[in-house]
Amino acid sequence: MIKVKVPATTANMGPGFDSIGMALTMYNIVYAEEIEEGLEIIIQDGNPNIPTDESNLIYKTICYFYKNIGKPVPGMRIVQQDSIPHTRGLGSSAACIVAGLHIANAMSHSFFSKEELVQMAAQIEGHPDNTTPAILGGMTIGAMNKSDMKYVKIKVSDNLHFAVMIPDFTLSTELAREALPKYVSLQDAIFNTSRAALLAASMMSGEIDNLEIATQDCLHQPYRSKLIPYMDEILEEARRYGAKGTFLSGAGPTLLAVIKNVVDFRREMVSYLGGLEQEWQVQMLQADNEGAKVWINEELRY
Ligand code: HSE
């Protein structure tokens, strides 16, 4: 029996569009084993939107892997326990891709390294900001090349907490990407490159007070905020309650605030969000610095 545990991820972190991402302490767990023939997929949380046929993303990734190594796909049973909400900007698709690659790697006895899986996952997803931290943990900064993806992983301090505000509505990444302009001004590009660099450097140096400026963005958030009711007001309120930095998680609609005083912030934010039309859930998480884990017959492999 193969067991894979994959963390949720928050991509972009404001200015690092399609580059920066961070793993969070929220997980999907997937079990897989070979069976004589066919495909059996069991969804343990009962989410009716997850396909249980060949179109299941974990299974599709496993098939992609087997095709690449030139072996036939064996019959298998997959049991999916999802905690990462779908289509909310917390890397649920990336978690499926990462789970699929790790399962296929173990099932086919291929022994590809984590580094090789990081490269494969980035190629499949097309941008590395969810898959890289999902595999490696921490905060990662990645740049796609023609032949590979260059990246750096930063360990995130245990003193930092992340308030993850998840609404009851979804937003597809496709729609959220369609809302973006094809071209941006030099002024906007400078705004973002300076902040993305400041964000990475501040997370390394621990200069957390920089985050208010370092998480600002003008490449995607202003366009996406039109798709998320009260986004700007919620982020402003979070800063008023002491958030060090605030941003849209991935393509949204989940919002994130970097905070230090967990108890007060949560109470204030839950009360404020309770007055809005949509339902919002607030989860207090930390960064996961370890990334995806794999057990084979209950023995932790990596
Ligand atoms: N960087 C991506 C985006 C993350 O913002 O569209 C979502 O896949």
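Procedures and definitions
Residues numbered from 1 in each chain as written. Predicted model: local features only at pLDDT ≥ 70, side-chain atom pairs only at ≥ 80, totals over all residues. Heavy atoms only, no water. Pairing = 2+ DSSP bridges. Helix = DSSP H or I, 4+ residues; strand = E, 2+ residues; numbered from the N terminus. Axes fitted to C-alpha atoms, helices over the stretch in contact; angles between N-to-C directions. Contact = heavy atoms within 4.5 Å. Expected span 1.5 Å × (residues − 1). Buried < 20%, exposed > 50% of the residue type's maximum accessible area, 1.4 Å probe, protein only. Domains from an automatic or database assignment. Buried area = accessible area lost by both parts, 1.4 Å probe. Salt bridge = Lys/Arg side-chain N within 4 Å of Asp/Glu carboxyl O. Polar contact = N/O pair within 3.5 Å; in protein donor to acceptor, adjacent residues only side chain to side chain. Nonpolar A, V, L, I, M, F, W, Y, C, P; charged D, E, K, R; others polar. Lys, Arg positive; Asp, Glu negative; His and termini not counted.

A. Examining the sheet that holds strand E7 (residues 161-167) more closely. The strand order across the open sheet formed by 4 strands is E8-E9-E7-E10, and the pairing between neighbours is antiparallel. Each edge of the open sheet carries a strand with a single partner, namely strand E8 (245-248) and strand E10 (280-285). Averaged over all pairs of adjacent strands, the angle between strand axes in this sheet comes to 20°, irrespective of strand direction. Bridge analysis of E7 against strand E9 (residues 255-259) gives 5 bridges, and the strand direction is antiparallel. If you follow Phe 162 over to E9, its bridge partner there is Val 258. The strands touched by helix H10 (residues 262-273) are E7, E9 and E10; relative to E10, the strand with the most contacts, the crossing angle is about 170°.

B. Expanded view of H10. An ideal rise of 1.5 Å per residue puts 16 Å on 12 residues; H10 measures up with 16 Å between its terminal C-alpha atoms. Residues of H10 that are buried sit in contact with E7, helix H9 (231-240), E9 and E10.

C. Quick look at unusual backbone geometry. Of note, the amide linkage connecting Gly 252 to Pro 253 takes the cis form, showing an omega dihedral of 5°. Structurally, the position occupied by Pro 253 is in the loop between E8 and E9. In this structure, Asp 18 takes a positive phi of about 60° despite not being glycine. Checked against the element boundaries, Asp 18 lands in the loop between strand E1 (2-11) and strand E2 (20-34). Unlike most non-glycine residues, Glu 298 shows phi in positive territory, near 70°. Secondary-structure assignment places Glu 298 in the loop between strand E11 (293-296) and strand E12 (299-300). By relative accessible area, Glu 298 is classed as exposed at 78%.

D. Region of the structure containing the domain arrangement of the protein. Once the domains are mapped, the protein shows domain 1 (2-154 + 288-300) and domain 2 (161-285). On a C-alpha basis, the centroid separation for the pair domain 1 and domain 2 is 25 Å. Contacts between domain 1 and domain 2 engage 25 residues on the former and 36 residues on the latter. Summed over both sides, the interface of domain 1 with domain 2 buries roughly 2200 Å², with 69% coming from carbon and sulfur. Viewed at the interface, domain 2 and domain 1 are joined by 1 salt bridge. Put simply, Asp 18 and Arg 177 hold a salt bridge, and the shortest N to O gap is 2.7 Å. The interface formed by domain 1 and domain 2 contains 12 residue pairs in polar contact (both at pLDDT 80 or more). Looking at the side of domain 1 that touches domain 2 element by element, the count peaks at 5 residues for E2. Of the residues that constitute the side of domain 1 that touches domain 2, the class distribution is 13 nonpolar, 10 polar and 2 charged.

E. How the structure looks around the side chain of Asp 288. Mapped onto the elements, Asp 288 comes out in the loop between E10 and E11. Lys 5 provides the closest opposite charge to the buried, unpaired Asp 288, separated from it by 6.2 Å. Among the polar contacts listed, one links the side chain of Asp 288 to the backbone nitrogen of Glu 290, at a separation of 2.7 Å. Apart from the residues within four sequence positions on either side, Asp 288 is in contact with Pro 7, Ala 23, Leu 24, Thr 25, Tyr 27, Gly 137 and Gly 138.

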